[in-house]
Amino acid sequence: MEEHGGNIYNKQTELDFSVSVNPFGMPEQVRLAAEEGLALAGQYPDRKMQGLREELARFYGVSAEQVICGNGASELIYALAGAFRPARALIVEPAFSEYRLALEAHGCQTEQITVLEGRQFRPGDQVLGAVETGQYEMVFLCNPDNPTGQLADTGFLEQLVKVCRKTHCRLAADECFMEFVPEKEQNSLIPKLPDGEGILVLKAFTKMYAMPGLRLGYLLAGSREDAARIRRMLPPWNVSMMAQLAGRAALKEQAYVAGSRERLIKEREWMSEKLGRAGYPVWESRTNFLLFEGPEDLQRRCLERGIYLRDCRNFAGLGPGFFRAGMRKHRDNERLARLLEEMAEKKEIRFRENGKKTAR
């Protein structure tokens, strides 16, 4: 069982749907900037990442002291867990497994609230009630959520911020997929950072800018003090010059972002309709991937035909029969849709009345 998507190195994979990376590739100017950084590989990278942090600060309207950069968002998850070492932390599930692993690696006790299917996996009063008890020092929320693609209601976010401030609970919001949401400004917690002590927003260049191999994430902290604590947990020279220069170039590619987002929304809606018509239960998504249900061995069946899906059974609250497909270019999406339609037509999948299904 794979812990994460993207492990194509021991498989015969023609199309990798297990990752949720922009299929239109790294923008040309970003690639050229990375190559410029490679030419500087004979010297140490800027340890303070001053240029990148200043440009991120201008982009988001915060101070450079509130910006922490890391070797991918995953490094920053471990850094913030180590910086604060909460005695008890709450994780809103289903969610990225590294939140729990990072917290437990630093001796933290973790508890999970699994958002039920009946609410379309959107967090609500159950989460607010748990935080309001005052027993948690940190809460992790992925928004939009991975792997469900759900976006938390803005009213819920407002209430969560208030409850966290009241109970002195730090709120770590993973917004790595927010760039794929058209109304990202209204749904992000970043606008609350100027007066957002205790708010920590995780972001990454990985998904939208198609640069997972360069490893570049960043964290925006509501207070300079929190940012300094997290920064002390990171090793020196943790971000290469290739990644630093690529990140600075990426911030200038907002036309690319808008165009990619528009095209991927169309692909997601097209794929959702195709799978729904074929009989697969598909969950509403606001980002660049879809969560759907199929037979437990669907990943293996698809991989036999060169297509790699993300099996989501290791996400809390999901289990066997849930799969995630990151949207690719249309011709690739057509190939996946045809394969799944053929399986349904050939009765390889038997659908029950309640929408669940089993392999024949």
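Structural data are supplied above this passage.
For clarity, every value in this text was computed on a predicted model and none was experimentally measured.

Definitions and cut-offs
- Residues numbered from 1 in each chain as written.
- Predicted model: local features only at pLDDT ≥ 70, side-chain atom pairs only at ≥ 80, totals over all residues.
- Heavy atoms only, no water.
- Helix = DSSP H or I, 4+ residues; strand = E, 2+ residues; numbered from the N terminus.
- Rg over C-alpha atoms; globule rule 2.2 N^0.38 Å.
- Buried < 20%, exposed > 50% of the residue type's maximum accessible area, 1.4 Å probe, protein only.
- Contact = heavy atoms within 4.5 Å.
- Areas by Shrake-Rupley, 256 points an atom, 1.4 Å probe, with all protein chains shown as cover.
- Lys, Arg positive; Asp, Glu negative; His and termini not counted.
- Charge placed at Lys NZ, Arg CZ, Asp CG, Glu CD.
- Pairing = 2+ DSSP bridges.
- Axes fitted to C-alpha atoms, helices over the stretch in contact; angles between N-to-C directions.
- Phe/Tyr/Trp six-rings, centres within 6.5 Å; stacked < 30°, edge-to-face > 60°.

1. Some words on the overall build of the chain
Helices and strands together make up the secondary structure of the chain, namely 12 helices and 14 strands. Computed over its C-alpha atoms, the radius of gyration of the chain comes to 20 Å, within 12% of the 21 Å expected for a compact globule of 360 residues. In terms of overall dimensions, the chain has a C-alpha envelope of 60 × 55 × 35 Å along the principal axes. Scored against the burial criterion, the 360 residues of the chain give a buried share of 55%. Sequence-distant contacts in the chain: of pairs separated by 6 or more residues, those separated by 24 or more amount to 73%. Carbon together with sulfur atoms contributes 47% to the accessible area of the chain, which is approximately 15500 Å² in total. Both charge centroids of the chain, one from 51 positive and one from 50 negative side chains, sit 1 Å from each other.

2. Some words on the sheet that holds strand β8 (residues 217-221)
Read across the open sheet, the seven strands follow the order β2-β8-β7-β6-β5-β3-β4; overall the sheet is mixed. Where the open sheet ends on each side, the last strands, each with one partner, are β2 (67-70) and β4 (109-114). Between one strand axis and the next, the sheet turns by 20° as a mean value, whatever way the strands run. Direction of pairing for strand β5 (residues 138-142) relative to strand β6 (residues 170-174): parallel, over a ladder of five bridges. Bridge assignment links Leu141 to a residue of β6, and that residue is Ala173. In the packing of helix α3 (residues 73-84) onto the sheet, the strands contacted are β2, β5, β6, β7 (199-204) and β8, and the crossing angle to β7 comes to about 160°. Running over the sheet, helix α5 (residues 125-132) touches β3 (88-93), β4 and β5 and is turned about 155° from β4.

3. Some thoughts on the packing of aromatic side chains
Overall, the coordinates contain 13 aromatic pairs when judged by the stated rule. Residues Phe205 and Tyr218 carry aromatic rings whose centres are separated by 5.2 Å and whose planes lie at 50° to one another, so their mutual orientation is tilted. With a gap of 13 residues between them, Phe205 in the loop between β7 and β8 and Tyr218 in strand β8 connect regions that are remote in the sequence. Given a relative accessible area of 4%, Tyr218 falls into the buried group. Taken together through their ring pairs, the aromatic side chains of Phe59, Tyr60, Phe205, Tyr209, Tyr218 and Tyr256 make up a single cluster.

From the geometry alone we can't say anything about function, so treat these as descriptive.
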